[in-house]
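Architecture and fold: a report
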Amino acid sequence: GNTLYIANSGSNYIGVIDLESMQTKPRIFVKSPPNDLEVAADGSLYVLTTDSLSRIAPANGRELWDGGAARGGELAVNGTKDRLYYADYGIGPANLRQYDISGDTPVELWRTPVGSTSGANGRDLAISHDGSFVSFAAEEGQIGDSVALYSSPQMAIEGIFETGSAPKEVTFSPDDQVAYTVDESGDIKSWETEFFSPLGSFEVDDEAQELLVDRTG
């Protein structure tokens, strides 16, 4: 795309930059400080703030959909842009939601059941490149000290990565065959996504705060 949107977490607006001219465009004001953004298939914006989830028109900031109360966290949209995922962060139960965004009005299809095995203190959301599964790392892990892999769109737990205490980060390789995680040990661990078996680990000097795999894998 030719537009860069910036979630300014310290202010109640979204910054906009035209990447062709490298000029700033008028700010988009929102209800409260934005945490994360995703672009819909029609160019509208899904906006997660510190207390709400919504969809807005970037041209004028008009709200197109009110997704209700939220508490910050992270958004993800699959490659075909027909599913939106919202994972909340912070103290308390780790809640993950899935929305059908193929129509004009998003429809919530699934959310973490109350009292489920989803853990608490959400930290990181990851979606596979083909959109067939998602994971949500939570410090009080899912099914023990683990990160679960949910199939999409069914949202059934296909298996778990037994990371160790306090899982914090998760991401996938470009071919989605390998998952990488970080837990309280600070080590980066790798896993098969088909059989969930460990492939090895990497020691780092300090705790990794974010993981990203380039396209070469």
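As a starting point, this report considers the structure included with it. The model shown is predicted, which means the values in this text are computed figures rather than measured ones.

**A look at the overall build of the protein chain**
Within the protein chain one finds zero helices and 20 strands. Taking 2.2 N^0.38 as the reference for a compact globule, 217 residues should give roughly 17 Å; the C-alpha atoms of the protein chain span a radius of gyration of 18 Å, in line with that estimate. Along the first, second and third principal axes, the C-alpha atoms of the protein chain reach 50 × 40 × 30 Å. Across the protein chain, contacts joining residues at least 24 apart in sequence account for 34% of those joining residues at least 6 apart.

**As for unusual backbone geometry**
With an omega of 15°, the peptide bond running from Ser 152 to Pro 153 counts as cis. By secondary structure assignment, the location of Pro 153 is in the loop between strand E15 (147-151) and strand E16 (157-161). Positive phi is not limited to glycine here, since Lys 81 has a value of about 55°. Position of Lys 81 among the secondary structure elements: in the loop between strand E8 (73-77) and strand E9 (83-88). Residue Lys 81 is classed as partly exposed on the basis of its relative accessible area, which comes to 30%. At Ile 143, a residue that is not glycine, the phi angle is positive and equals roughly 55°. Summarising the element assignment, Ile 143 is placed in the loop between strand E14 (133-140) and E15. Given a relative accessible area of 44%, Ile 143 falls into the partly exposed group.

**Let's talk about the layout of surface pockets**
As a volume, the largest pocket reaches approximately 490 Å³. In terms of lining, the largest pocket is formed by 23 residues, of which the most central are Ile 127, His 129, Thr 171, Phe 172 and Leu 212. Secondary structure elements with two or more residues in the lining of the largest pocket: E8, strand E13 (120-127) and strand E17 (169-172). Here the residues of the lining of the largest pocket sort into twelve nonpolar, five polar and six charged.

**Regarding the sheet that holds strand E20 (residues 198-202)**
Within a sheet, adjacent strands bond to each other through the backbone by hydrogen bonds, running parallel or antiparallel. The strand order across the open sheet built from four strands is E17-E18-E19-E20, with neighbouring strands paired in antiparallel fashion. Where the open sheet ends on each side, the last strands, each with one partner, are E17 and E20. Pairwise comparison of adjacent strand axes, ignoring direction, gives a mean angle of 20° for this sheet. Two elements, strand E18 (residues 178-182) and strand E19 (residues 188-192), share five bridges in a ladder whose sense is antiparallel. Residue pairing for E19: Thr 181 is matched across the bridge by Lys 189.

**A closer look at the pattern of salt bridges**
A full pass over the atoms with the stated rule returns eight salt bridges. The residue Glu 108 makes a salt bridge to Arg 111 at a minimum N-O spacing of 2.7 Å. Each of Arg 123, Glu 139 and Lys 168 takes part in salt bridges that share partners, so that together they form one network.

Analysis parameters
Residues numbered from 1 in each chain as written. Predicted model: local features only at pLDDT ≥ 70, side-chain atom pairs only at ≥ 80, totals over all residues. Heavy atoms only, no water. Helix = DSSP H or I, 4+ residues; strand = E, 2+ residues; numbered from the N terminus. Rg over C-alpha atoms; globule rule 2.2 N^0.38 Å. Contact = heavy atoms within 4.5 Å. Buried < 20%, exposed > 50% of the residue type's maximum accessible area, 1.4 Å probe, protein only. 1 Å grid on protein atoms, 1.4 Å probe; cavity = no way out; pocket = protein on both sides within 12 Å on 5 of 7 lines; lining within 4 Å. Points joined across faces, edges and corners; volume = space filled by probe spheres on them. Nonpolar A, V, L, I, M, F, W, Y, C, P; charged D, E, K, R; others polar. Pairing = 2+ DSSP bridges. Axes fitted to C-alpha atoms, helices over the stretch in contact; angles between N-to-C directions. Salt bridge = Lys/Arg side-chain N within 4 Å of Asp/Glu carboxyl O.

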